[in-house]
Amino acid sequence: MNAIQRLVSPRSVAVIGASADPAKTAGRPVSYLRKHGFGGAIYPVNPKVESIDGLRCYPDIASLPEVPDVGIVLLGAERAHLAVRELADKGAGAAIVLASGYTETGAEGARRQAQLIEAAGSMRLLGPNTIGLVNLTDNIPLSASGALEMDAFPAGNIGVVSQSGGILGALLSRAAARGIGLSKLISTSNEVDLDLADFMDYLADDDATRVVALYIESVRNPEAFRRAALKCARAGKPVVAFKIGRSESGARAAVSHTGALAGADRMYDALFEQLGVIRAQSFSDLLDIPAALATGRRLKGKRIAILTSTGGAGTLVSDSLGLAGFETPPPDEDTAPKLRALQKGDHAALDRNPIDVTLAGLQPDLLRAAIRTLLDSKGYDAVAVIVGSSGVAMPDLMANAIGDCLAETDKPVVAYVSPHAPQALALLNRNGVPAFADPEGCSVAFDAMLRAARVPADEDVGTPALPAPQLDRFGTGSLDEAAAKALFAAFGVPVAREVVVGNGDEAAAAARSFGANVVLKLLSAQITHKSDIGGVAVNVPPEGIAARLDRMAADVRGATGSAPKRYLVQEMVREGVEVIVGMHRDALGTAILLGMGGVTAELFGDTTLRLLPGNGGLTRGAALQMVQRLKTAPLLQGFRGRPRADVDALADAIVSFSRMVATLGDSLVEAEINPLFVLPQGQGVVAADGVAVLADGDRR
């Protein structure tokens, strides 16, 4: 038995600082262990008390008759490390430290936390600032949460890991009220040692857990999180995450558009998507989605049948499903006659969707037959049953009618309870039918079931990094456009033909060499958004370029106070779709950004992010997936008569750019191509502008 197994399923528990008063926080752990029937040994430790709740109380840890698997430390932050050291010296498996007053309080708290880590040595720590954990599978409460006052735990197969202690009690009480069963409930809080990933890894192997639900403040160890999430996926256990802090813009002051387009929360979206983690958009989803997934049923298509006994509620569910991208088609030619054959008289409307039995009354045989017919239909992938007022009056009848049909199919079935009826809702959930108090819950559940059917790719696969070029020739800090594009070209990204010039005569000569109208640009390492100050002119004829350069010099001088010294004469790219390719780095890792580009990049914000794997750049398949995820991807695929763009060449350019980012690592602070012109099919791509920032020598 490893340390985490000893922590979650201990045979003996020491409670250090236990109180004889069960009304006090320090009195709760012993009281709850006794109340919920913990079968192992309980050792209260308190030098001032001889017994607690009929149990012998020990004066100190050294006096304990055996080495405890777990020690619950109820002392304050000033003394908790002393108990932790004694437990570690005795050989305990783990300590749970409930006290607050550590890094969350400032420098002094950080000192205490370091002291706590040092005292633990090789012993595992949960917390500090945690409310503990509850093993509902085995009735082992290792917590002081007041939510444990309940008489019995709602045991089930959803494992929950929360970085907030207070959320533990909130989820436990809500799950009990909803009839949703949990397997393990763990609060990691400050995570000085054991963190989200450790318990995800444990739950992936836990036979009692089918779904893992996470309440996340921040992922402190992204690589461990990746490994644990993929382990859960390989074990067939969906991971659902509710990430708080979505209101943070995450966009820092940056020289590129990418910094504004790739905020911290969007990086979490990218991480979750790549790992197959389903993101809960609301706190209620953190229970609703796992409850649906815990049935083990997966959605294989988007066609939903709605069986209702109340017309208005059926319309609510139909609207919600439609907004979420699901289809509610009428019964097909094989199903419609079977439904009509169920009618007695002209009361029920069984040949349309929603399938309405409002006037037929609550007839169990009709309900069973209708549900079976819809589940047997090749025209539907799932069924949503509306439980109206008549159904709430006899919830057992409704729950049994639905439950009787489940064994005959693997298609998902969910219920929307239209009146406010918590007891009916809980009964359905306990009977294995995911039930929701709002119509949106049905669409959220179906969406999760659809996502859970997709297995994430192996995130360790990547294209290998390349030998790094000699960066000294490019300089350091913010590079000018010509140098930035030379860097991109060194890694295989095609760039536009161009010439650096210093005056009108040189510009005219360069323009004549191209034999066509050109683009004239200010060339400056300090000014990256050149068009904002009149530093870009397009479609300039060779004979007029000298005069245009003089006017540009005047415009830039007026905007900045100084005249430019260098300019760029560039070939004019006349066709193609403009996209932006950039990089973004934060604590979660490094991501490649793709979006529709040009001057409107930030205005439209049609972008997608993909984090680099740990061993190089993106694969070509990953690059093509990024292209397909853009809302405006049809512009690249021949929308309304446009020529098809060279998507294959775009994918190659994304891969080359990503390999550059992987190769240069921390030496590359920022990089962006905007625009990258995607030319008609077969003609490739051309980088027409670029930004790159290289770190100075101390950062390489």
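Looking at an unreviewed UniProt entry, one finds the protein chain named Acetate--CoA ligase family protein and attributed to Cupriavidus gilardii.

1. Some words on the overall build of the protein chain
A count of helical and extended segments in the protein chain gives 23 helices and 30 strands. C-alpha extents for the protein chain along the principal axes are approximately 100 × 80 × 40 Å. The burial tally for the protein chain puts 55% of its 700 residues in the buried class.

2. Some thoughts on the sheet that holds strand β7 (residues 124-126)
Pairing is parallel across the open sheet formed by 5 strands, whose spatial order is β2-β1-β5-β6-β7. Looking at strand neighbours, the two that pair on one side only are β2 (41-45) and β7, the edges of this open sheet. For this sheet, the mean angle separating the axes of adjacent strands, direction not counted, is 20°. Sheet topology note: the strand β1 (residues 12-16)/strand β5 (residues 70-73) ladder contains 4 bridges and is parallel. Paired with V15 across the two strands is I72, which belongs to β5. Contacting β1, β5, β6 (94-97) and β7, helix α3 (residues 80-90) runs over the sheet at an angle of about 170° to β5.

3. Digging into the UniProt feature "domain: ATP-grasp" (unreviewed entry) in the protein chain
In the numbering used here, UniProt assigns the "domain: ATP-grasp" (unreviewed entry) feature to residues 485-521. For the annotated span residues 485-521, helix accounts for 46% and strand for 22% of the residues, and the straight-line distance between the end C-alpha atoms is 14 Å.

4. Brief notes about the pattern of salt bridges
Within this structure, the stated rule accounts for 32 salt bridges. Close ionic contact of D288 with R178 constitutes a salt bridge, the shortest N to O distance being 2.8 Å. Highlighted residues: D288 in helix α10 (residues 285-293) and R178 in helix α5 (residues 165-178), separated in sequence by 110 residues. For the pair D288 and R178, a shared accessibility class is recorded, and that class is buried.

5. Observations concerning the pairing of strand β18 (residues 413-417)
The side chains of a regular strand alternate between the sheet's two faces. The buried count for β18 comes to 5 of 5 residues, which makes it a mostly enclosed element. Here β18 shows no split at all, with V413, A415 and V417 on one side and V414 and Y416 on the other all buried. The pairing of strand β17 (residues 382-387) with β18 spans 5 bridges and is parallel. Bridging across to β18, V383 finds its partner in V413. Crossover connection from β18 via helix α16 (residues 422-430) to parallel strand β19 (residues 435-436): handedness right-handed.

6. Observations concerning the packing of aromatic side chains
For any two aromatic rings, the description comes down to two numbers: the centre-to-centre distance and the angle of the planes. Enumeration over the complete set of coordinates arrives at 8 aromatic pairs. Centre to centre, the rings of F225 and F272 are 6.3 Å apart; their planes meet at 45°, and the pair counts as tilted. Linking F225 in helix α7 (residues 222-234) with F272 in helix α9 (residues 264-275), this pair joins segments that are 47 residues apart in sequence. Using a relative accessible area of 1% as the deciding quantity, one classes F225 as buried. One aromatic cluster in this structure is built from Y215, F242 and F283. Of note, K243 hangs over the ring of Y268, and the distance from its end group to the ring centre comes to 4.7 Å.

7. Digging into helix α6 (residues 196-204)
For α6, a buried count of 7 out of 9 residues is recorded, marking the element as mostly surrounded by other parts of the structure. Two to three positions downstream of the cap, the backbone nitrogen of A197 sits 3.1 Å from a side-chain oxygen, assigning the N-cap of α6 to D195.

8. Some details on the sheet that holds β18
With parallel pairing, 5 strands are arranged side by side in an open sheet as β16-β15-β17-β18-β19. What marks the edges here is a single partner per strand, and that holds for β16 (355-356) and β19.

9. Some words on the nonpolar core
One recurring pattern in soluble globular proteins: nonpolar side chains tend to sit buried together. Among the nonpolar cores identified, the biggest contains 60 residues, and L7, I72, L142, F199, M200, L214 and F225 are the most heavily contacted of them. Look past the residues within four positions of I72 in its chain and what remains in contact with it is V13, A14, V15, I16, P29, I96, L98 and L142. The next biggest cluster of nonpolar side chains, apart from the first, holds 50 residues, and it includes L185, A313, V317 and F446.

10. Side note on the packing of helix α22 (residues 620-629) against helix α23 (residues 647-664)
Helix-helix packing is characterised by the crossing angle of the two axes and by the distance between the axes. The contact between α22 and α23 brings their axes to 9 Å, and the two run at 120°. For the pair α22 and α23, the sense of crossing is right-handed. Counted together, R620, A623, L624, M626 and V627 of α22 and V647, D648, L650, A651, D652, I654 and V655 of α23 form the full contact between these two elements. Considering only residue class, the contact of α22 with α23 consists of 9 nonpolar, no polar and 3 charged.

11. A short note on the layout of surface pockets
Size it by volume and the largest pocket reaches roughly 1,400 Å³. Lining of the largest pocket is provided by 47 residues; of these, D269, E273, R451, R454 and R629 occupy positions nearest its centre. When residues of the lining of the largest pocket are assigned to their parent elements, the largest contribution, 7 residues, is made by α9. When the residues that make up the lining of the largest pocket are grouped by side-chain class, the tally is 18 nonpolar, 12 polar and 17 charged.

12. Brief notes about helix α13 (residues 364-376)
Because each turn of an α-helix spans 3.6 residues, side chains separated by three or four positions in sequence point in the same direction. With 13 residues, α13 should reach 18 Å at 1.5 Å per residue; the first-to-last C-alpha distance of 18 Å fits that figure. Among all positions in α13, only L366, L367, R368, A370, I371, T373, L374 and L375 are buried. Tucked into the core, α13 has its buried residues touching β15 (304-308), α12 (335-340), β16, β17, α15 (395-406) and β18.

13. A closer look at the environment of L630
Considering the arrangement of structural elements, one finds L630 in the loop between α22 and α23. Judged by relative accessible area, L630 falls into the buried class, the value being 4%. Residues L630 and G595, spaced 35 residues apart in sequence, show a C-alpha to C-alpha distance of 6.9 Å. Leaving out residues up to four positions away in the same chain, L630 has contacts with L594, G595, M596, D606, T607 and T608.

Definitions and limits used
- Residues numbered from 1 in each chain as written.
- Predicted model: local features only at pLDDT ≥ 70, side-chain atom pairs only at ≥ 80, totals over all residues.
- Heavy atoms only, no water.
- Helix = DSSP H or I, 4+ residues; strand = E, 2+ residues; numbered from the N terminus.
- Buried < 20%, exposed > 50% of the residue type's maximum accessible area, 1.4 Å probe, protein only.
- Pairing = 2+ DSSP bridges.
- Axes fitted to C-alpha atoms, helices over the stretch in contact; angles between N-to-C directions.
- Contact = heavy atoms within 4.5 Å.
- UniProt positions renumbered as here; feature names shortened; annotations may be inferred.
- Salt bridge = Lys/Arg side-chain N within 4 Å of Asp/Glu carboxyl O.
- Right-handed = clockwise from strand over helix to strand, strands pointing away.
- Phe/Tyr/Trp six-rings, centres within 6.5 Å; stacked < 30°, edge-to-face > 60°.
- Lys NZ or Arg CZ within 6 Å of the ring centre and 35° of its normal.
- Polar contact = N/O pair within 3.5 Å; in protein donor to acceptor, adjacent residues only side chain to side chain.
- Core = buried A, V, L, I, M, F, W, Y, C linked by side-chain atoms within 4.5 Å.
- Left-handed = near helix turned anticlockwise from the far one by under 90°.
- Nonpolar A, V, L, I, M, F, W, Y, C, P; charged D, E, K, R; others polar.
- 1 Å grid on protein atoms, 1.4 Å probe; cavity = no way out; pocket = protein on both sides within 12 Å on 5 of 7 lines; lining within 4 Å.
- Points joined across faces, edges and corners; volume = space filled by probe spheres on them.
- Expected span 1.5 Å × (residues − 1).

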